[in-house]
Amino acid sequence: PDPMGLWYNSLVPEHALHAAWAVLAHRFCGEWNVIGADLFNEPWGAEWSKNSKDSDPAMDWPAAAARLGDAILRICPRWLIFVEGVGPPAGGGPLPF
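Treat the numbers as computed from the prediction; the structure is a model and nothing was measured.

Peer 1: Even after reading the chapter, I still don't get the state of the cysteines, so can you show me in this structure?
Peer 2: When the sulfur atoms of two cysteines share a covalent bond, that bond is a disulfide. Under the criterion given, the structure shown has 1 disulfide. Disulfide partner of Cys-29: Cys-76, at an S-S distance of 2.1 Å. Its S-S torsion of about 80 degrees marks the bond between Cys-29 and Cys-76 as right-handed, since a negative value means left-handed. Separated by 47 residues along the polypeptide, Cys-29 in the loop between helix H1 (14-28) and strand E1 (36-38) and Cys-76 in the loop between helix H2 (61-75) and strand E2 (80-82) bring together distant segments of the chain.

Peer 1: Can you help me understand the packing of aromatic side chains in this one?
Peer 2: Centre distance and the angle of the planes are the two values used to describe a pair of aromatic rings. If you walk through the whole model with that rule in mind, you get 3 aromatic pairs. Between Trp-7 and Trp-61, the aromatic rings sit 5.3 Å apart at their centres with planes inclined by 45 degrees, giving tilted as the arrangement. Residue Trp-7 is found in the segment before H1, and its partner Trp-61 is found in helix H2; the two are separated by 54 residues along the sequence. Residue classification places Trp-7 among the buried residues on the basis of a relative accessible area of 5%. Cluster of aromatic residues (ring-pair linked, three or more members): Trp-7, Tyr-8, Phe-40 and Trp-61. The positively charged end of Arg-27 is found above the aromatic ring belonging to Phe-28, 4.7 Å away from the centroid.

Peer 1: Would you explain H1 in this entry?
Peer 2: One turn of an α-helix holds 3.6 residues; hence residues three or four places apart share an orientation. Along its 15 residues, H1 runs 21 Å from first to last C-alpha, staying within 8% of the 21 Å computed at 1.5 Å per residue. Along H1, the residues that are buried comprise Glu-14, Leu-17, Trp-21 and Ala-25. One face of H1 carries all of its buried residues, which in axial projection span an arc of 70 degrees. Away from its buried face by more than 90 degrees, H1 exposes His-15, Val-23 and His-26. Along its buried surface, H1 packs onto E1 and H2.

Cut-off values and rules
- Residues numbered from 1 in each chain as written.
- Predicted model: local features only at pLDDT ≥ 70, side-chain atom pairs only at ≥ 80, totals over all residues.
- Heavy atoms only, no water.
- Disulfide = S-S within 2.5 Å.
- Helix = DSSP H or I, 4+ residues; strand = E, 2+ residues; numbered from the N terminus.
- Phe/Tyr/Trp six-rings, centres within 6.5 Å; stacked < 30°, edge-to-face > 60°.
- Buried < 20%, exposed > 50% of the residue type's maximum accessible area, 1.4 Å probe, protein only.
- Lys NZ or Arg CZ within 6 Å of the ring centre and 35° of its normal.
- Expected span 1.5 Å × (residues − 1).
- Arc of directions from axis to C-beta.
- Contact = heavy atoms within 4.5 Å.

Any functional reading would require information beyond the geometric quantities listed.
Written out as structure tokens, the structure is:
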């Protein structure tokens, strides 16, 4: 996992995550016992968009989840897409809101 708690980093850019999910969606879409995809486990370093000019697009988990979920649904429209919320850092501490 990324030490900053994001869904991407310099070694695994967002497009690589899209490619990995595409492989999984193609492989498992036809399986009766696979019903969906949980996009990423608690990207605690991200934030919910604040709909303001001060919000950092690189940290906007809802926008990234929408991009990724839409790409998966183009391959497998029958799946449910699960989007986990952002959480506290791994070491505990206050929530970022």
